[in-house]
Every structure is written in C-alpha cells, then in structure tokens.
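Analysis of the macromolecular model
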Amino acid sequence: MARILLAALVAMLLIVGPCHARPAPEQTAKSSTVEEKAVVDGITAIYNFGDSLSDTGNLLREGATGMLQHTTGLPYGSAIGGATGRCSDGYLMIDYLAKDLGLPLLNPYLDEGADFSHGVNFAVAGATALDAAALARRGVAVPHTNSSLGVQLQRFKDFMSANTRSPQEIREKLAHSLVMVGEIGGNDYNYAFSANKP
C-alpha cells in the first residue's frame, strides 16, 4: 500500500511540478501617440477585493507584520525579479486574468502615484471578511491587517468619488469593468482556529 501511495505521489509531483514555472504575463504595450485601452469583451478595468490570494502589494505598503512580514523579501517574488508583496514566488491568478483581458497588471491601491486607469487592486494579504471589531467580540484577534472587506469596499467608494465627477460617470466606468470579490473569509477561520475559538 505504501509503495502505491509513494508511486502516486511521485507521479503527481511529475505532473504538477512543471506548472509552478509559468511564463510571466506580458505587459501590454502603450501607444506613444494616443493612449489606447485594450478591450476584451468590453472590459477596460478590473477592481479586485480579497486577501493574500490576490494582493499585489497592499500589505507590503501597510507594513507587513508577524509571519506575513516574510512576504516582503525572497523567496517571495523570486520568479519575477524580486518581492512585490505578492504571497507567491511569481504571479497570481489576478495577474493572469489581467493579461488575458489585455490589461496591465493591477497596481495595489496603496501604491501612491500608481496608474489606476486600468483598475485597482484593493486586496490585502491577511484580510478578513468580517471587520476586526466583529471578530474581537468573538474573542478573535486580527494580527496582520485591519483591511477587512468592509475597509476595502470603503476604499473603492472613496476611489470612485475622487476619480469621477458624477454618479453617471461611475455607472459608465463600471459598465466596462470587471469587479471581483476574490477569495476572502478564510482568514476569519484561520485566526479563530489559531486562537482556539472555533
């Protein structure tokens, strides 16, 4: 039985092993005369919310603490030339999605001065679906960030208010955007289990 399990594990590693070194998403070239937005299915921007599975650098800019502080240095980012704040040695699914839609990689919201014309990434590694106060009432501490889903949504509202002139313009912008709520909520359970508060 042990030999069969070992053979299955080796076979799986041989199949899955090469998958970790995917080619880097290519950045879309910008026209030097007129900025042209790539359009795939009418989508010109992505607005993303989530946790470490889609954070492209917000926690890094918040000041990563605890075990997540290690994501700010190697080996994280080793496949893409250095740490970017992604909880990966390379690109994330959100990066591949942007590439497939013909858009540049999403900049993190907290990257001051970044180009957000193609969308914004509000995701923060360690984020929870419930806010810190709601978890604290249940005896659960949030050790890494207070950027819960509610905080990310408020940042989105603030961003839209600051970068548009009217509700109509917001509607027009969102009509050509992909708004994603990625994986979020797992940390609510992780923090509760680590505090022995299931």
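Remarks on the environment of S88
Tracing the backbone through its elements, the reader meets S88 in the loop between helix 2 (58-62) and helix 3 (93-100). What makes S88 buried here is its relative accessible area of 16%. Note: C-alpha distance between S88 and P75 (13 residues apart in sequence) is 8.4 Å. Sequence-distant contacts of S88, defined by excluding residues within four places in its chain, comprise Y76 and G77. Here G90 takes part through its backbone nitrogen, which lies 2.9 Å from a polar atom of the side chain of S88.

With respect to the nonpolar core
In terms of nonpolar packing, the biggest core is built from 16 residues, with Y47, V120, F122, F156 and F159 touching the most fellow members. Those elements giving two or more residues to this core turn out to be strand 1 (45-49) and helix 5 (149-163). The dominant element in this core, judged by the number of residues it contributes, is helix 5, at four residues. Apart from the residues within four sequence positions on either side, F122 is in contact with Y47, N48, F49, N58, Y109, Q152, R155, F156 and F159. I46, L92, L101 and L103 belong to the second-largest nonpolar core, a separate cluster that totals eight residues.

With respect to the packing of aromatic side chains
Scanning the entire structure with this criterion turns up ten aromatic pairs. Both rings, one in Y91 and one in Y96, keep their centres 6.4 Å apart while their planes meet at 80 degrees; by these two values the pair is edge-to-face. According to the relative accessible area criterion, Y91 is partly exposed, its value standing at 22%. Given a relative accessible area of 16%, Y96 falls into the buried group. On the basis of an interplanar angle of 75 degrees and a centroid distance of 6.4 Å, the ring pair of F122 and F159 is categorised as edge-to-face.

Rules used throughout
- Residues numbered from 1 in each chain as written.
- Predicted model: local features only at pLDDT ≥ 70, side-chain atom pairs only at ≥ 80, totals over all residues.
- Heavy atoms only, no water.
- Helix = DSSP H or I, 4+ residues; strand = E, 2+ residues; numbered from the N terminus.
- Buried < 20%, exposed > 50% of the residue type's maximum accessible area, 1.4 Å probe, protein only.
- Contact = heavy atoms within 4.5 Å.
- Polar contact = N/O pair within 3.5 Å; in protein donor to acceptor, adjacent residues only side chain to side chain.
- Core = buried A, V, L, I, M, F, W, Y, C linked by side-chain atoms within 4.5 Å.
- Phe/Tyr/Trp six-rings, centres within 6.5 Å; stacked < 30°, edge-to-face > 60°.

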